[in-house]
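Close look at the chain arrangement
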Amino acid sequence: MANDVVDVRDRRRYEITADGEVAGFAEYILTDELVTFTHTEIDPAFEGRGLGGALVRAALDDVRTRGLKVLPLCPFVKGWIQRHRDYVDLVYGSAEQ
């Protein structure tokens, strides 16, 4: 079954589904120019399937299409961006803007 990532704006988080269930989420605070990621969590029943990375990638791709910047306060999101340098330009205050 495909993993879908959706922006659930009323809950201020991106959610990823797996096997028809919400498997994890990335919470954020949204302003006119910035998405601050505060917390990311994958349900333990779904760990080890790459869902955290898929969630962050999809969320950041959405942020990019919306023309916003990212402030990665969440350690998982921050670490993911550091390992995927093609997303560094999204980081607020990045020298690669």
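One structure accompanies this document, and this report is about it.

Calculation criteria
Residues numbered from 1 in each chain as written. Predicted model: local features only at pLDDT ≥ 70, side-chain atom pairs only at ≥ 80, totals over all residues. Heavy atoms only, no water. Salt bridge = Lys/Arg side-chain N within 4 Å of Asp/Glu carboxyl O. Helix = DSSP H or I, 4+ residues; strand = E, 2+ residues; numbered from the N terminus. Pairing = 2+ DSSP bridges. Axes fitted to C-alpha atoms, helices over the stretch in contact; angles between N-to-C directions. Contact = heavy atoms within 4.5 Å.

**Overview of the pattern of salt bridges**
- Across all of its chains, the model carries 7 salt bridges by this definition.
- One salt bridge connects Arg 49 with Asp 19, and the closest N-O pair in it is separated by 3.3 Å. With a gap of 30 residues between them, Arg 49 in the loop between strand S4 (34–42) and helix H1 (51–65) and Asp 19 in the loop between strand S2 (13–18) and strand S3 (21–30) connect regions that are remote in the sequence.
- For Asp 89, the salt bridge identified is with Arg 64, shortest N-O distance 2.7 Å. Here Arg 64 lies in helix H1 and Asp 89 lies in the segment after helix H2 (75–83), a separation of 25 residues in the sequence.

**Observations concerning the pairing of S3**
- When S2 meets S3, the two strands line up antiparallel, connected through 6 bridges. Along S3, the bridge assignment pairs Arg 13 with Glu 27.
- Adjacent in sequence and paired antiparallel, S2 and S3 are bridged by 2 residues, among which Asp 19 carries a positive phi angle near 55 degrees.
- As paired elements, S3 and S4 share 7 bridges and run antiparallel to each other. For Ala 26, the partnering residue across the bridge sits in S4 and is Thr 40.
- What sits between the antiparallel neighbours S3 and S4 is a turn of 3 residues.

**Looking at the sheet that holds S3**
- Read across the open sheet, the 5 strands follow the order S1-S2-S3-S4-S5; overall the sheet is mixed. Looking at which strands have only one partner, the edges of the open sheet turn out to be strand S1 (4–8) and strand S5 (69–72). Averaged over all adjacent pairs, the angle separating strand axes in this sheet is 30 degrees, with direction ignored.
- Direction of pairing for S4 relative to S5: parallel, over a ladder of 4 bridges. What sits directly across from Val 35, in S5, is Val 70.
- On top of the sheet, H1 reaches S1, S2, S3, S4 and S5; it is set at about 135 degrees to S2, its chief contact.
- With respect to the sheet, H2 is in contact with S4 and S5, its orientation differing from that of S5 by roughly 120 degrees.

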